[in-house]
Amino acid sequence: AIVSLSAMGTMVTLERSKPFTQSSWRAQSVLLVSVPWAAARAKKQGLRGFREKNTRRRALLVALCWSGWFLTLFYGLDTTSIAHAYMLTNTTSAVIVAYKALTARQSVPRSHFVGVALAMAGAGVVMWQSSFQSSGDAKKNGASSGAATVAGDAVVAAGAVSGAAFLLLAKTTREEVELSLLLVLQMLV
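Presented here is a report on the structure given in the accompanying data block. Bear in mind that the values here come from a model prediction, so they are computed numbers and not experimental data.

Cut-off values and rules
Residues numbered from 1 in each chain as written. Predicted model: local features only at pLDDT ≥ 70, side-chain atom pairs only at ≥ 80, totals over all residues. Heavy atoms only, no water. Helix = DSSP H or I, 4+ residues; strand = E, 2+ residues; numbered from the N terminus. Contact = heavy atoms within 4.5 Å. Areas by Shrake-Rupley, 256 points an atom, 1.4 Å probe, with all protein chains shown as cover. Expected span 1.5 Å × (residues − 1). Bend = angle between axes of the 7 residues up to and from the residue. Buried < 20%, exposed > 50% of the residue type's maximum accessible area, 1.4 Å probe, protein only. Polar contact = N/O pair within 3.5 Å; in protein donor to acceptor, adjacent residues only side chain to side chain. Phe/Tyr/Trp six-rings, centres within 6.5 Å; stacked < 30°, edge-to-face > 60°. Core = buried A, V, L, I, M, F, W, Y, C linked by side-chain atoms within 4.5 Å. Patch = residues over 30% accessible without salt bridge, like charges linked within 9 Å, V, L, I, M, F, W, Y side chains within 5 Å. Salt bridge = Lys/Arg side-chain N within 4 Å of Asp/Glu carboxyl O.

**What to know about the overall build of the protein chain**
(1) Moving on: Helix and strand counts for the protein chain come out as nine helices and zero strands.
(2) Moving on: N-terminal to C-terminal, the α/β element order of the protein chain is α-α-α-α-α-α-α-α-α.
(3) Moving on: Taking as baseline every contact in the protein chain between residues at least 6 positions apart, the subset at least 24 positions apart corresponds to 80%.
(4) Moving on: Carbon together with sulfur atoms contributes 64% to the accessible area of the protein chain, which is approximately 10500 Å² in total.

Right under this line is the structure:
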């Protein structure tokens with residue numbers, strides 16, 4: 001997930017096309033590889049995991065969280081600076097640690113809280129910096145030219161929550177569902 005997200009900024013910048021068009025191209029290219037793989041695996045071992053209703057629901061939720069994470073990054077690449085989009089997208093680990101601490105599902109080492117504090121402080125500085133840019137500057141320069149915007153930053157930060165949900169849910173769902181089938185579902189959503 002991180003490798004594919006990291007390549008997107010460069011791809012969008014070099015191709016000079018709309019980020020959502022790029023997202024569609026990426027999904028189509030992944031489907032070209034994953035559909036035959038999923039078909040072969042389904043023929044060999046059946047629809048492992050998809051026969052149970054709860055597993056199907058969780059797999060769909062995983063796919064929706066992935067799409068939310070991925071599409072908010074693309075939106076951010078079009079509406080805020082690339083640096084802001086990546087910095088905020090990569091706060092997912094901080095969101096996961098905060099979630100684990102708040103729900104008391106697992107004990108969280110104190111050193112992780114320092115990491116969360118640094119990540120959240122960095123995200124706050126990034127968004128604070130965006131708030132100083134006047135809306136006239138954003139219109140004149142165009143957000144996709146590298147100008148940071150508060151709206152773009154906020155959407156990408158919300159996407160980090162979706163990314164954290166994806167990572168947490170996918171960890172358990174992956175044990176129950178064949179990876180190729182889950183990947184096809186993610187790209188179709």
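From this point, the narrative continues.
**Observations regarding helix 8 (residues 150–176)**
(1) Moving on: Taking 1.5 Å of rise per residue, the 27 residues of helix 8 would be expected to cover 39 Å, and the 39 Å separating its terminal C-alpha atoms lies within 8% of that figure.
(2) Moving on: Maximum bend of helix 8: about 35 degrees, positioned at Ala170.
(3) Moving on: Within helix 8, burial applies to Gly152, Asp153, Val156, Gly159, Ala160, Ser162, Gly163, Ala164, Phe166, Ala170 and Thr173.

**A few points about the side chain of Thr79**
(1) Moving on: Secondary-structure assignment places Thr79 in helix 3 (residues 53–79).
(2) Moving on: The class for Thr79 is buried, based on a relative accessible area of 13%.
(3) Moving on: Polar contacts involving the side chain of Thr79 include one to the main-chain carbonyl oxygen of Tyr75, which spans 2.8 Å.

**Description of the packing of aromatic side chains**
(1) Moving on: Tallied over the full model, the rule gives five aromatic pairs.
(2) Moving on: Through successive ring pairs, a cluster of aromatic residues spans Trp66, Trp69, Phe70, Phe74 and Phe166.

**Structural notes on the environment of Ser24**
(1) Moving on: Residue placement: Ser24 occurs in helix 2 (residues 19–45).
(2) Moving on: With a relative accessible area of 31%, Ser24 lands in the partly exposed category.
(3) Moving on: In the structure, Ser24 is positioned 164 residues away from Leu188 in sequence and 9.9 Å away in space, judged by C-alpha atoms.

**Some remarks on the nonpolar core**
(1) Moving on: Residues Phe50, Trp66, Phe166 and Met187 are the most contacted members of the largest nonpolar core, which totals 21 residues.
(2) Moving on: Counting only elements with at least two residues in this core, the list comes to helix 2, helix 3, helix 8 and helix 9 (179–188).

**Brief notes about a nonpolar patch on the surface**
(1) Moving on: Nonpolar side chains collect at one region of the surface, where Leu60, Leu61, Leu64 and Val189 lie side by side and expose about 320 Å² of accessible area between them.
(2) Moving on: Relative to the elements of secondary structure, Leu61 occurs in helix 3.
(3) Moving on: Relative accessible area serves as the criterion here: at 41%, Leu61 is assigned to the partly exposed category.

**Re the pattern of salt bridges**
(1) Moving on: Scanning the model with the defined rule gives two salt bridges in all.
(2) Moving on: As a salt-bridge pair, Glu178 and Arg41 come within 3.5 Å of each other at their nearest N and O atoms. Of this pair, Glu178 sits in the loop between helix 8 and helix 9 while Arg41 sits in helix 2; the two residues are 137 residues apart in sequence, bridging distant segments of the chain.
(3) Moving on: A salt bridge links Glu176 to Arg58; the nearest nitrogen and oxygen atoms lie 2.4 Å apart. Placement of the pair is Glu176 in helix 8 and Arg58 in helix 3, with a sequence separation of 118 residues.
(4) Moving on: We classify Glu176 as partly exposed; its relative accessible area is 31%.

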